[in-house]
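Read off the chains here:
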Amino acid sequence: MNSIQINTTRLLLRPIQMDDAASIFQYRSNAQVNQYQGWIPKTICDVHDFINKKVSPEINQPDTWFQFVILKKDDNELIGDIGVHFLDSDNSQVELGCTLNLKYHGKGFAFEAIKAMINYLFDELGKRRIIASIDSRNHPSIRLIERLGFRKKGLIKENSELNSEWVDDLVYAMLKDEWSANRRT
């Protein structure tokens, strides 16, 4: 069991656990929250399967996803999750994805959590590049990632199928040197 804990002023990020399934199902099953994502669990069993089969038990393993949950420190409420995809065999690049409970949108929690994760990935794990691939219609996530200092690398037309529709993805990236030179507040 990983004992990683990433602390911010208001949040604690830690590895996902099976006990988190009910909270995750509560916000991940909301079609509005997940309108730009491919995974919307239909039952709590879908969340259990996700945790058991899709999430690596060990962090920093090439070609795996590792999932963190986001907890509010003041009441220990689970309000979201961040997935980290360890992309390549030389283990220098990762992809980030974040989902937040709808009632916590617009309060700075996603910015705070992702900023802390970026610091962890660059400073603790020594990553060189972080990317984010975002549905081109997801304007709030695009604004968030740009506010964090990510650069738009390109548009991939009809990159993924979502709800029987082919959608375009915008790809963003940030290098460790760029982050170190201009850390976002």
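Parameters at a glance
Residues numbered from 1 in each chain as written. Predicted model: local features only at pLDDT ≥ 70, side-chain atom pairs only at ≥ 80, totals over all residues. Heavy atoms only, no water. Phe/Tyr/Trp six-rings, centres within 6.5 Å; stacked < 30°, edge-to-face > 60°. Helix = DSSP H or I, 4+ residues; strand = E, 2+ residues; numbered from the N terminus. Buried < 20%, exposed > 50% of the residue type's maximum accessible area, 1.4 Å probe, protein only. Contact = heavy atoms within 4.5 Å. Pairing = 2+ DSSP bridges. Arc of directions from axis to C-beta.

## Focus on the packing of aromatic side chains
Argument step 1. As enumerated under the stated definition, the model contains four aromatic pairs in all.
Argument step 2. Ring centres 6.3 Å apart and planes at 75° place the aromatic pair Phe 68 and Tyr 120 in the edge-to-face group. With Phe 68 in strand β3 (residues 64–72) and Tyr 120 in helix α3 (residues 109–124), this residue pair connects regions lying 52 residues apart in the sequence.
Argument step 3. On the basis of relative accessibility, which here comes to 1%, the residue Phe 68 falls in the buried class.
Argument step 4. Between Tyr 104 and Phe 109, the aromatic rings sit 5.7 Å apart at their centres with planes inclined by 80°, giving edge-to-face as the arrangement. Take Tyr 104 and Phe 109: they sit in the same class, and that class is buried.

## Quick word on the environment of Arg 10
Argument step 1. The residue Arg 10 is located in the loop between β1 (6–7) and β2 (11–15) in this model.
Argument step 2. Separated by 103 residues in sequence, Arg 10 and Ala 113 place their C-alpha atoms 9.2 Å apart.
Argument step 3. Arg 10 has contacts with Leu 71, Lys 72, Lys 73, Lys 107, Gly 108, Phe 109 and Glu 112, leaving out every residue within four places of it along the chain.

## Side note on the pairing of β2
Argument step 1. With five of five residues buried, β2 lies mostly within the body of the structure.
Argument step 2. Linking β1 to β2, which pair antiparallel, is a turn of three residues.
Argument step 3. Of the strand pairs in this sheet, β2 and β3 are connected by five bridges, and their pairing is antiparallel. In the strand pairing of β3, Pro 15 is matched with Phe 68.

## Describing the side chain of Asn 91
Argument step 1. Position of Asn 91 among the secondary structure elements: in the loop between β4 (78–86) and β5 (93–100).
Argument step 2. The residues touching Asn 91, leaving out its near neighbours within four places in the chain, are Asn 60, Pro 62, Phe 86 and Lys 127.

## Some remarks on helix α1 (residues 21–28)
Note: α-helices contain 3.6 residues per turn, so residues at a spacing of three or four share the same orientation.
Argument step 1. What α1 keeps buried is the set Ala 21, Ile 24, Tyr 27 and Arg 28. Buried residues in α1, looked at end-on, bunch into an arc of 140°, giving them a common side.

## Let's talk about helix α4 (residues 139–147)
Argument step 1. Buried within α4 we find Ile 142, Leu 144 and Ile 145. Down the axis, α4 shows its buried residues gathered within 160° of arc, on one side only. Exposed side of α4, more than 90 degrees from the buried face: Arg 143 and Arg 147 are the residues found there.
Argument step 2. Looking at the buried side of α4, the elements it contacts are α3, β6 (129–135) and β8 (165–175).

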